[in-house]
Amino acid sequence: MRTGYHLGSRCLQWVSVLLVTLALAAPGVQAASKKAPARKAVTTSHAKQAPARAARKEAPASVVRKTAPARAAAKASPKRKVQVVVTRRGTVRATRAVHVVAAPPVLSVGQKLGLHAASDPLDLASSVALVVDQDTHEVLISKNDEAVLPIASLTKLMTGLLVSEARLPMDTPITITQDDVDTEKGSRSRLVVGATLTRGELLHLALMSSENRAAHALGRTYPGGLGAFVAQMNAKAQLLGMHDTRYVEPTGLSSQNRSSARDLARLVGVAYRDPLLRELTTSPGYEVEVGRRTLQYNNTNRLVKSPLWDIGLQKTGYISEAGRCLVMQAEVAGRNLIMVFLDSAGKFSRLADAERVRSWVQKLPRASVPTAASGFAATNG
């Protein structure tokens, strides 16, 4: 009996050793075992850093300040990424550090021309600005207003004007095709190829949310096709006296769509007289049914929701070559104003420029604003 007992006990020990060996051979256990020394090393590293931190606390301020250039240099230096390789056995190992060099920022045309060096009394962030009294044609603010720059999605204001003036049926269904997909900038859209909306819905999205595929589809389905539509855009610009303006497509994605602040102020004055454009550009939000989905779109200009503003018409725009752009018609302190801001450097700076102008006009006695001698006048179109 004792012999059998010893044999059974030894068998159990062998089985236990075998199970432990198999468990240790599993990939998850290997990874865990490999991580253990790393955690110990981190703990040791923190322990070693404690005296250094204490020394830094006791060091004079001048010594601490000397490390600021080093920190700045570290931020400016190329980032390092560890290249990771997964082996056939499923284990993960790091091979070497790869230097990733950040792409240089893309300068706008206005920045390349040095327009941001121009100063103005309100310290506007936009390199181009024009504020005009819509009724008297007085120029209240003018900054590089004759510079011809890319205008991004401000283009859609002309697109909307032509579609509205053509009196095309707004209930006509239009299907988004591959031709409407942006190949200029690779921009995204929630209107997938095959989605069908009415012309009125597409016009609403183009003017309110700056929907590129919607704007392109409107031009593509214009009588005569896209080529005829672009030709009509340029003809209308000439008719309105917008001699600095040129269009090559209806969305504004192309940096070849260019204009000046003076020309755009004329366009805003004409577009404001169109009730449909006033309604659609100032709509705070809009829902459309696309297949089985309901898509919610919002206005790209958050000022339309502000109770401090009375905006009659607006349009925003952005591509890297144009910077942040904004045109508006708004009533401020009893004045009907047309505002144009081009090539603003920050994401919200065009809106901040509009706020600066509004505050300035509210504080300014009307009689103290002289009639400008620049000769600006809105056209009747």
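What counts, and where the lines are drawn
Residues numbered from 1 in each chain as written. Predicted model: local features only at pLDDT ≥ 70, side-chain atom pairs only at ≥ 80, totals over all residues. Heavy atoms only, no water. Helix = DSSP H or I, 4+ residues; strand = E, 2+ residues; numbered from the N terminus. Buried < 20%, exposed > 50% of the residue type's maximum accessible area, 1.4 Å probe, protein only. Phe/Tyr/Trp six-rings, centres within 6.5 Å; stacked < 30°, edge-to-face > 60°. Lys NZ or Arg CZ within 6 Å of the ring centre and 35° of its normal. pLDDT = per-residue confidence, 0-100. Contact = heavy atoms within 4.5 Å. Pairing = 2+ DSSP bridges. Axes fitted to C-alpha atoms, helices over the stretch in contact; angles between N-to-C directions. Salt bridge = Lys/Arg side-chain N within 4 Å of Asp/Glu carboxyl O.

The next thing to look at is unusual backbone geometry. Unusually for a residue other than glycine, Arg167 sits at a positive phi of about 55°. Along the polypeptide, Arg167 turns up in the loop between helix H6 (155–165) and strand E6 (173–175). Of note, the phi angle at Ala333 is positive, near 55°, even though the residue is not glycine. With respect to the helices and strands, Ala333 occurs in the loop between strand E12 (323–332) and strand E13 (335–344). Given a relative accessible area of 53%, Ala333 falls into the exposed group.

Next up on the list: the packing of aromatic side chains. Tallied over the entire structure, the rule returns 1 aromatic pair. When the centroid spacing of 4.9 Å and the interplanar angle of 65° are considered together, the rings of Tyr222 and Phe229 count as edge-to-face. Taken as a pair, Tyr222 and Phe229 share a single burial class, namely buried. The lysine or arginine in question, Arg190, covers the ring of Tyr297, its NZ or CZ lying 4.2 Å from the ring centre. Directly above the aromatic system of Tyr318 lies the positively charged group of Arg324, at a separation of 3.8 Å from the ring centroid.

Now for the confidence of the model for the protein chain. The predicted model of the protein chain averages 82 in pLDDT, with 69% of residues at 70 or higher. Below pLDDT 50 for its whole length, residues 28–48 participates in 6 contacts with residues either more than four positions away or in separate chains. Every residue in residues 370–375 is under pLDDT 50, and counting partners more than four places away or in other chains gives 4 contacts.

In spatial order, the strands read E4-E3-E13-E12-E11; together these 5 strands make up an open sheet with antiparallel pairing. Edge positions in the sheet fall to strand E4 (139–143) and strand E11 (311–319), since each has one partner strand and no second. Going across the sheet, the axis of each strand differs from the next one's by a mean of 10°, ignoring polarity. Bridge analysis of E11 against E12 gives 8 bridges, and the strand direction is antiparallel. Looking across to E12, one finds that Ile319 is bridged to Gly323. Helix H10 (residues 261–272) contacts strand E3 (126–133), E11, E12 and E13 of the sheet and is inclined by roughly 135° relative to E13.

This paragraph deals with the pattern of salt bridges. Taken as a whole, this structure holds 10 salt bridges when the rule is applied. For Glu146, the salt bridge is made with Arg262, and the minimal N-O distance between the two is 3.9 Å. Taken together, the residues span a long stretch of sequence, with Glu146 in the loop between E4 and strand E5 (149–150) and Arg262 in helix H10 at a distance of 116 residues. The class of Glu146 is exposed, set by a relative accessible area of 56%. Note that Arg358 and Glu355 form a salt bridge whose closest N and O atoms lie 2.9 Å from each other. In this pair, Arg358 and Glu355 both sit in helix H12 (residues 349–363), 3 residues apart, roughly one turn of the helix. What emerges from the salt-bridge pattern is a single network uniting Asp133, Glu138 and Arg335.

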